[in-house]
Number of protein chains: 4
Amino acid sequence: MCRWLAYSGSPIPLEGLLLKRDRSLIDQSLHSQLGATTTNGDGFGVGWYDGGDQPRLYRSTHPAWNDRNLRELAAAIRSGLFFAHIRASTGTAIQETNTHPFRHGRWLWMHNGMIRDFPRIRRELVLAVDDSLFTSIEGTTDSELMFYLALTFGLGDDPIAAVGRMVGFVEETGAAHGVDNPMQMTVATTDGRTIWAFRYSTEGSSRSLYFSTRMDSLKAAYPDNEELAELSDETRAVVSEPLGDLPGAWNEVPESHVGIVKVGEDELRTFAPAR
Amino acid sequence: MCRWLAYSGSPIPLEGLLLKRDRSLIDQSLHSQLGATTTNGDGFGVGWYDGGDQPRLYRSTHPAWNDRNLRELAAAIRSGLFFAHIRASTGTAIQETNTHPFRHGRWLWMHNGMIRDFPRIRRELVLAVDDSLFTSIEGTTDSELMFYLALTFGLGDDPIAAVGRMVGFVEETGAAHGVDNPMQMTVATTDGRTIWAFRYSTEGSSRSLYFSTRMDSLKAAYPDNEELAELSDETRAVVSEPLGDLPGAWNEVPESHVGIVKVGEDELRTFAPAR
Amino acid sequence: MCRWLAYSGSPIPLEGLLLKRDRSLIDQSLHSQLGATTTNGDGFGVGWYDGGDQPRLYRSTHPAWNDRNLRELAAAIRSGLFFAHIRASTGTAIQETNTHPFRHGRWLWMHNGMIRDFPRIRRELVLAVDDSLFTSIEGTTDSELMFYLALTFGLGDDPIAAVGRMVGFVEETGAAHGVDNPMQMTVATTDGRTIWAFRYSTEGSSRSLYFSTRMDSLKAAYPDNEELAELSDETRAVVSEPLGDLPGAWNEVPESHVGIVKVGEDELRTFAPAR
Amino acid sequence: MCRWLAYSGSPIPLEGLLLKRDRSLIDQSLHSQLGATTTNGDGFGVGWYDGGDQPRLYRSTHPAWNDRNLRELAAAIRSGLFFAHIRASTGTAIQETNTHPFRHGRWLWMHNGMIRDFPRIRRELVLAVDDSLFTSIEGTTDSELMFYLALTFGLGDDPIAAVGRMVGFVEETGAAHGVDNPMQMTVATTDGRTIWAFRYSTEGSSRSLYFSTRMDSLKAAYPDNEELAELSDETRAVVSEPLGDLPGAWNEVPESHVGIVKVGEDELRTFAPAR
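Rules used throughout
Residues numbered from 1 in each chain as written. Chains lettered and ligands numbered in written order. Predicted model: local features only at pLDDT ≥ 70, side-chain atom pairs only at ≥ 80, totals over all residues. Heavy atoms only, no water. Least-squares fit on C-alpha atoms with pLDDT ≥ 70 in both. Contact = heavy atoms within 4.5 Å. Pairing = 2+ DSSP bridges. Helix = DSSP H or I, 4+ residues; strand = E, 2+ residues; numbered from the N terminus. Axes fitted to C-alpha atoms, helices over the stretch in contact; angles between N-to-C directions. Buried area = accessible area lost by both parts, 1.4 Å probe. Salt bridge = Lys/Arg side-chain N within 4 Å of Asp/Glu carboxyl O. Polar contact = N/O pair within 3.5 Å; in protein donor to acceptor, adjacent residues only side chain to side chain. Expected span 1.5 Å × (residues − 1). Buried < 20%, exposed > 50% of the residue type's maximum accessible area, 1.4 Å probe, protein only. Phe/Tyr/Trp six-rings, centres within 6.5 Å; stacked < 30°, edge-to-face > 60°. Parallel < 35°, antiparallel > 145°, perpendicular 65-115°, else oblique. Left-handed = near helix turned anticlockwise from the far one by under 90°. Nonpolar A, V, L, I, M, F, W, Y, C, P; charged D, E, K, R; others polar.

**Student:** How would you summarise the relation of the copies chain A and chain D if you had to cite specific residues and measurements?
**Tutor:** Of the transformation placing chain A onto chain D, the axial shift is 0.0 Å and the rotation is 180°, giving an RMSD of 0.0 Å. The two molecules are tied by a two-fold rotation axis, judged by turn and shift. Among all residues of chain A, the minimum C-alpha distance to the rotation axis is found for A:Ile77, at 4.1 Å. Take the interface residues of chain A: 100% of them recur as interface residues in chain D, which is what a same-surface contact looks like.

**Student:** Hey, could you go over the sheet that holds strand β11 (residues 250-252) of chain A for me, with residue numbers and the actual values?
**Tutor:** Here 7 strands make up an open sheet; going across it, the order is β3-β2-β4-β1-β10-β9-β11 (chain A) and the pairing antiparallel. The sheet is open, and its two edges are formed by β3 (56-60) and β11 of chain A, each paired on a single side. When strand polarity is set aside, the average angle formed by the axes of neighbouring strands in this sheet is 15°. Here strand β9 (residues 210-212) of chain A pairs with β11(A) via 3 bridges, running antiparallel. Within the sheet, the bridge partner assigned to A:Phe211 lies in β11(A) and is A:Asn251. Against the sheet, helix α3 (residues 68-76) of chain A contacts β1 (3-13), β2 (44-48), β3 and β4 (78-86) of chain A, and its axis sits at roughly 160° relative to β3(A). Most of the contacts of helix α3 (residues 68-76) of chain D go to β3(A), to which it runs at about 145°, and overall it touches β2 and β3 of chain A.

**Student:** Give me the lowdown on the interface of chain C and chain B, citing residues and values where you can.
**Tutor:** One frequently used descriptor of interface size is the decrease in accessible area upon assembly of the parts. Of the residues lining the interface, 18 residues belong to chain C; the matching set on chain B comes to 18 residues. Summing both partners gives a buried area of about 1500 Å² for chain C against chain B, and 41% of it is carried by carbon and sulfur. On the chain C side of the contact with chain B, C:Arg68, C:Asn69 and C:Glu72 bury the most area, a combined 35% of that side's loss. Seen at the junction of chain C and chain B, the total is 4 salt bridges. Our enumeration of links across chain C and chain B arrives at 10 residue pairs in polar contact (both at pLDDT 80 or more).

**Student:** Kindly report on helix α7 (residues 159-176) of chain C, identifying the contributing residues and their values.
**Tutor:** All names here are of chain C. Relative to the 26 Å expected for 18 residues at 1.5 Å per residue, α7 spans 25 Å between its end C-alpha atoms, a close match to the ideal helical length. When we look at burial in α7, the residues that qualify are Pro159, Ile160, Ala162, Val163, Gly164, Met166, Val167, Gly168, Val170, Glu171, Thr173 and Gly174. Where α7 terminates, the next one or two residues include Gly178, which has phi positive at roughly 75°.

**Student:** Before we move on, could you go through the relation of the copies chain C and chain B and cite the residues and values that matter?
**Tutor:** Relative to chain B, chain C is turned by 180° and slid 0.0 Å along the rotation axis, the superposed coordinates differing by an RMSD of 0.0 Å. An overlap of 100% is found between the interface residues of chain C and their copies at the interface of chain B, pointing to a shared contact surface.

**Student:** Go over the pairing of strand β6 (residues 107-115) of chain B, please, and point to the residues and values.
**Tutor:** Residues and elements named next belong to chain B. Extensive coverage of β6 is indicated by the burial of 9 of its 9 residues. Burial of the side chains of β6 extends over both faces: Trp107, Trp109, His111, Gly113 and Ile115 are buried on one face and Leu108, Met110, Asn112 and Met114 on the other. Here strand β5 (residues 102-104) runs beside β6; their pairing, made up of 3 bridges, is antiparallel. For Phe102, the partnering residue across the bridge sits in β6 and is Trp109.

**Student:** Describe the interface of chain A and chain D, listing the residues and the values that go with them.
**Tutor:** Counting from both sides, the interface comprises 18 residues of chain A and, opposite them, 18 residues of chain D. With both sides pooled, the region where chain A packs onto chain D buries about 1500 Å², and carbon together with sulfur makes up 41% of that total. Contact with chain D buries area across many residues of chain A, yet A:Arg68, A:Asn69 and A:Glu72 alone supply 35% of it, more than any other trio. At the junction of chain A and chain D, the tally comes to 4 salt bridges. Where D:Arg68 meets A:Glu138, a salt bridge forms, and the shortest distance between an N and an O atom there is 2.8 Å. One can count 10 residue pairs in polar contact (both at pLDDT 80 or more) joining chain A with chain D.

**Student:** Kindly report on the packing of aromatic side chains, identifying the contributing residues and their values.
**Tutor:** Applying the stated criterion to the full structure yields 34 aromatic pairs over all chains. A centroid spacing of 5.7 Å and a plane angle of 80° characterise the contact between B:Tyr200 and B:Phe271, whose relative ring orientation is edge-to-face. Of this pair, B:Tyr200 sits in strand β8 (residues 195-201) while B:Phe271 is found in the segment after β13 (267-270), placing the two residues 71 residues apart along the sequence. Residue B:Tyr200 shares its accessibility class with B:Phe271, and that shared class is buried. For the ring pair D:Trp109 and D:Phe147, a centre distance of 5.4 Å and an interplane angle of 15° mean the geometry is stacked. On the criterion of sequence distance, the pair formed by D:Trp109 in strand β6 (residues 107-115) and D:Phe147 in helix α6 (residues 142-152) is long-range, its members being 38 residues apart. Residue class for D:Trp109 comes out buried when judged on its relative accessible area of 0%. Feature note: the residues A:Phe44, A:Tyr58, D:Phe44 and D:Tyr58 constitute an aromatic cluster, connected by ring pairs.

**Student:** I'd like to hear about the packing of helix α4 (residues 118-127) of chain A against helix α6 (residues 142-152) of chain A, residue by residue, with values.
**Tutor:** All names here are of chain A. Between α4 and α6, the shortest axis-to-axis distance is 11 Å and the interhelical angle comes to 25°. One finds that α4 runs roughly parallel with respect to α6. Both α4 and α6 take part in a crossing whose hand is left-handed. Each of Phe118, Arg122, Leu125 and Val126 in α4 lies in contact with α6, whose residues at this interface are Asp142, Leu145 and Leu149. Considered class by class, the residues forming the contact of α4 with α6 number 5 nonpolar, no polar and 2 charged.

**Student:** Please give an account of the environment of C:Trp4 that cites residues and values.
**Tutor:** Residues and elements named next belong to chain C. Mapped onto the secondary structure, Trp4 falls in strand β1 (residues 3-13). Using a relative accessible area of 0% as the deciding quantity, one classes Trp4 as buried. In terms of polar contacts, Trp4 uses its side chain to reach the side chain of Thr186, at 3.1 Å.

Rendered as structure tokens:
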């Protein structure tokens, strides 16, 4: 469906992960190896934090591989916390408002996967969005709606619980309409300090998700790697599929787990929907 | 806000009204004389009937004046019933799904004006859309939502009554939220045979709307006009502002009226919201 | 690099070859099986004749697979002679003026392949374009320049000789600059009546090219095929790779040959550059 | 035709001049007061320096007023030297490669005006571009070609002399083809340290151009203006038409003059083409 990456750590130019390596995200837009679709050419987006009240967004409906502005901006923009996403539409319109990451206040959200039979249950899901949030919905994707449901369920206070309630609500609503296995997702969300990365699907067979090995271990394994040497020990990336092929650099997020990337020790916890 | 035209009559290339005359719709995209905004550069759309089950659409987010494809297609496409619209956004996103005309089944719909304080009452309006229609809403404009409310209220059976109920519902909902003068509109809709063109606003001061003089009268007044000579007596156009400046060719639709363009005698009736 | 198709015969809606079959051109934009690249997502174009002085063009920089307007127009437009092309850029900018087919007067031109080391010899090639044609060049591709060179060398009078001189000139210019195997091409061109389809490369290893079997033979082989029954015996398509997989329907154009599709008997001749 | 601004001084977010003031450049894209056209909706571009080997570019074919990415980037990007341009095409295609500013190595270039009867003399002008520069030309505008001619004539060594030779060459070529008053221009160019801003036309009636008053004088005149207080005394802007309406803030560049904005005292000199 889509491919995404989330980065937290030493400020770097975005092009470091988007462009300048084998199997970069831009490479994956043409030739994904692990995705449900090999081509992810239905637009892309980048969201990043640079100290302001809310993150910045650059989103486009062009394929990432042929957008010159993306190359300029990925070289010009440095950030210590950013999201990037390349889209393969499952049918909804190709427009910036359907392009990830989505933003609300300090929060970013991006998704790979789908709500199955979304048109059948969309109205019921929309009705559950809080009145105060409703008019901020700008597009028509399942992904953005999942974000607004999570916000409704308290994303700002307890992200894991809120995402759990969102998933539970989607599964209940799907079940009530006879939808098998309603939820298929890898999701990343952040408030600009912590990243939460979820891997979950109703059927227990989720899209791929990987997190990078601790920097101190990687540096120890590759003492001569200059790129690694410049990165702080806190630096971490979470990705739909590995960038590059450094042995030992990438680890699969297990089924039904959430990774928490934050100042101090990162965590990996089991994740289950709330019923 | 926007400018539009609706045409019914002898099949002509679209460029006849869109491009090839003074004060054509394309001219108005750069220099509207009667519009609330002089520039209507936030996209455009054309919908036309060519004998199939549903009308065709060509919509773009580019300004109409610089879109080369529009020039090609306006020359290539002939139709005896078409709508054209140039947009000046009042804030919603510039994307094809927010571009008029909107289509549902055999129906087309386009709008100039606005629902005032739309974000405040949008959710309540959305909830009133029929369940079966809900997921066909693709954009986020007030205009498209008015269409789906009218469909919900029976546009397919009795268009004037349905639009009356839609307007009444928007006015009631606005009143309940303390919105002054919620509705400002000129609207055209068609099922491919008849065109209904409404001019209405809560405050009784609506955007401009004009209909062309009966062809037999125009031909009698201008016996040497070759362009007129080729058009059937049934030919009629309804426009936001006059195309060209042939004296006697254009007549204002009065406040709170609906014009009905159909096979046989056209009609002009008073229009009032249903409460 | 790219994929294209040229059609001549009974007027059909463009969607018949662009969309409504297995391995349609749109399918090939995402998953080409025989192309040098699997994804052809850097824009597309359609050119067709409808009786006017020059052909019509619809060209876009969006990927063909996600352009809604293309779907509308491919259903609305019928033609008995049309070209369609999906692009995979080899580096030049993604813009409509770099998108095939190219048009000059009555002529259309489209190309799959490349002039090797084009930047090194581009200026010398540009200088050879006739003064009166020079300012009609709108883009920066090798493909468009090949068209204007062929026009300079008499495309309007003797297309095969003119293309031969164009290829010869490119090869001589390349040789003078030490470029190995300067020309790699399949090219289609038409004046609205006859189609010439060339398969040639300096190294004798050209991109794939196929022509459809004579309709009378195909109808005899598939007497129950309703789609074939509606097509005249003169109907013929030339394509970068087969559309669909009807056994016996497609035949490879041999290396260094040109196919001529015209009223009366079609022809297949050897093709060689003029020195 | 177009509107532009050039800024040099204390690093500021681009939005300070592009968006956040009355009569900002974005305002001028909809409602220019002094331009040859009121609407400048045929794309825009921003070029800025951030310490690298070459300036960055963000260019788009959308109208500046409705491009969301521009708003994000204008807030995110800070620079002490930047160019911004909004385009009103005089006929050449709407594409990024025809959008100003143009870049070559360290240099930026932007233009308001035109070469009259450009198609008639274009080929002769193109032929004068140095062989090594030729293939860097990506678009088809007179503006970009003026840049490459100036580069050919030594822009990198002596910008005023090179622009003088470029103008002289265009005027000579025009005269040889019977073109009256070939050159109409305001041009800004920079190497990332110094800005040269030219106002010239063959007929001595050039497009408007203004430079801001010395900051020390402005601060003395407006001691309570907080925005001014934050800007260094070296800060200077050159614009097609004044931004805002602070009395005394803007001064017209005289006919046939060039302004030089640099470290130390700025200069204003007469400018004449070299024959």
